[in-house]
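One letter stands for each residue in the lines below.
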Amino acid sequence: MSSFLPRRRPEIAIDFGTANMRVLRRGDGLVFDEPSLCCVRGRHGMTSLLAAGSEAYAMVDRTPANLRIARPLCRGVLQDIDAAKRMLRYALAKSTGRRRWRAPAAIIGIPADATQAERSAMLTAGRDAGLGPVTLLTEPFAAAIGAGIVVDRPSGAMVVECGAGTTEVAIFSLGGPCGSGSVRIGGDTLNRALADRVHLRHKFLIGERSAEQLKLDYVSQREAGPAAPSDLPVSGRCLRTGMPKTISVAMHDLDLIVEKHVAQVVKVVRDVLARTAPDLSQDIHDAGIMLTGGGALVPLMRDIIAQGTGLKVVVADKPAHCVARGLESLLDA
Ligand SMILES: Nc1ncnc2c1ncn2[C@@H]1O[C@H](COP(=O)(O)OP(=O)(O)OP(=O)(O)O)[C@@H](O)[C@H]1O
């Protein structure tokens, strides 16, 4: 594991995701797991924090003009450094409780394709939020460890980490990456595509949280099998009348959108496989592909990747927590 050389033994691990932030403390495990967003008051550099995490999530799409929802990350990387610092400070205060720590050394997950500027921005946010030395670790690597893959064997293992903002494909052998690819789409992109479909087909506007709920309802209906109802209710505003309303959306209509979304992931998986050395390919043929990240819970993700590659596809146990679990295991390394 040559890429992991911390200067001080880290006390905490942070999975700073586009949708969720998870903090783990050595010896205590998961101590913080909340949405990655803040609600700020004021504009143009004169802002103050009103709420963060779960409390701020309840305010999404419901803010008056003087309040704004700020998202630290977009498509897996930092887009709002002030929001990132606030989110980190909030999570640290909640995670460390009354215990007074010296600035804790930390490991933070970051997309494998993050640019140098994106990595520096994360280090700056960490330092300004009160962290000690920060080690950045790529999320697919952490996800592979968290999914139970023994990454340091001389054998190829493929992971597809399906996050909210980014989807990363990576092959590991002997503790290092042997191939990778990514596409900056994820569960958030799928939510927007579902909302756009409802807009176009029904002339009906739904908010961000309703789109997320529509996706979760769609997933549970698909898991329930053919006996499940073929329509889903969704609430929002009718564009024809301007009135609030609840309408029914056909499941098969949503299937088309999900299939289109997953096809983009399949393309990256196939591209990475096409560039892989034959012996590693053989290993992946034998072991299959491991799906991690919250987006892996979309049943069509597993089915369409399996169809598109002809390989066995396995969804990790609690896939959304794989990066966090992988980072946590490195706290004890
Ligand atoms: N049951 C489910 N079915 C479908 N999608 C789900 C389910 N549960 C969570 N998700 C989706 O998983 C995504 C969150 O996953 P995760 O926490 O792994 O992402 P993240 O780490 O915040 O994102 P990223 O790694 O891209 O920065 C969200 O888009 C959420 O809608």
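The model shown is predicted, which means the values in this text are computed figures rather than measured ones.

Engineer: I tried to follow helix 5 (residues 187–202) on my own but got confused; where do I start?
Structural biologist: An α-helix turns once every 3.6 residues. As a result, residues three or four positions apart point the same way. Helix length check: helix 5, at 16 residues, gives a terminal C-alpha distance of 22 Å against a target of 22 Å (1.5 Å per residue), a fit within 8%. Residue lysine 203 follows helix 5 closely and has a positive phi angle near 50°.

Engineer: Before we go on, may I ask you to explain the packing of helix 4 (residues 139–146) against helix 10 (residues 322–331) in this structure?
Structural biologist: For the pair helix 4 and helix 10, interaxial distance at closest approach is 6 Å and the crossing angle is 85°. Relative to helix 10, the element helix 4 lies roughly perpendicular. Contacts between helix 4 and helix 10 pair Glu139, Ala142, Ala143, Ala144, Ile145 and Gly146 from the former with Cys322, Val323, Ala324, Arg325, Gly326, Leu327 and Ser329 from the latter. Considered class by class, the residues forming the contact of helix 4 with helix 10 number eight nonpolar, three polar and two charged.

Engineer: Is there a simple way to think about the pairing of strand 4 (residues 38–41) in this case?
Structural biologist: Residues in a regular strand point their side chains to alternate faces of the sheet. Where strand 4 lies against strand 5 (residues 48–52), four bridges are found, and the strand directions are antiparallel. Across the sheet, residue cysteine 38 finds its bridge partner in strand 5, namely alanine 52. In this structure, the hairpin formed by strand 4 and strand 5 is closed by a connection of six residues, where glycine 42 is found at a positive phi of approximately 90°. For strand 4 and strand 6 (residues 67–70), the ladder comprises four bridges, and the chain directions are antiparallel. In the strand pairing of strand 6, valine 40 is matched with arginine 68.

Engineer: Before we go on, may I ask you to explain the pairing of strand 1 (residues 12–16) in this structure?
Structural biologist: Across the five residues that make up strand 1, a large majority, five, are buried. Alternating positions in strand 1 separate into two faces, Ile12, Ile14 and Phe16 on one and Ala13 and Asp15 on the other, with burial throughout. In this sheet, strand 2 (residues 20–25) lies alongside strand 1 in antiparallel orientation, the contact comprising five bridges. From the neighbouring strand, alanine 13 faces strand 2, where its bridge partner is leucine 24. Between strand 1 and the antiparallel strand that follows it, strand 2, lie three residues. Alignment of strand 1 against strand 9 (residues 106–110), held across three bridges, turns out to be parallel. What sits directly across from isoleucine 14, in strand 9, is isoleucine 108.

Engineer: I would appreciate a short explanation of the domain arrangement of the protein chain in the present structure.
Structural biologist: Interfaces are often sized by the accessible area lost when the parts come together. We note that the domain assignment places domain 1 (12–142 + 323–331), domain 2 (149–185 + 257–316) and domain 3 (187–254) within the protein chain. Averaged C-alpha coordinates put domain 1 and domain 3 at centres separated by 30 Å. Facing the four residues of domain 1 at the interface are five residues of domain 3. Looking at the side of domain 1 that touches domain 3 residue by residue, the classes come out as two nonpolar, one polar and one charged.

Cut-offs applied
- Residues numbered from 1 in each chain as written.
- Predicted model: local features only at pLDDT ≥ 70, side-chain atom pairs only at ≥ 80, totals over all residues.
- Helix = DSSP H or I, 4+ residues; strand = E, 2+ residues; numbered from the N terminus.
- Expected span 1.5 Å × (residues − 1).
- Axes fitted to C-alpha atoms, helices over the stretch in contact; angles between N-to-C directions.
- Parallel < 35°, antiparallel > 145°, perpendicular 65-115°, else oblique.
- Contact = placed C-beta atoms within 7 Å.
- Nonpolar A, V, L, I, M, F, W, Y, C, P; charged D, E, K, R; others polar.
- Pairing = 2+ DSSP bridges.
- Buried ≥ 20, exposed ≤ 12 C-beta atoms within 10 Å, placed from the backbone.
- Domains from an automatic or database assignment.

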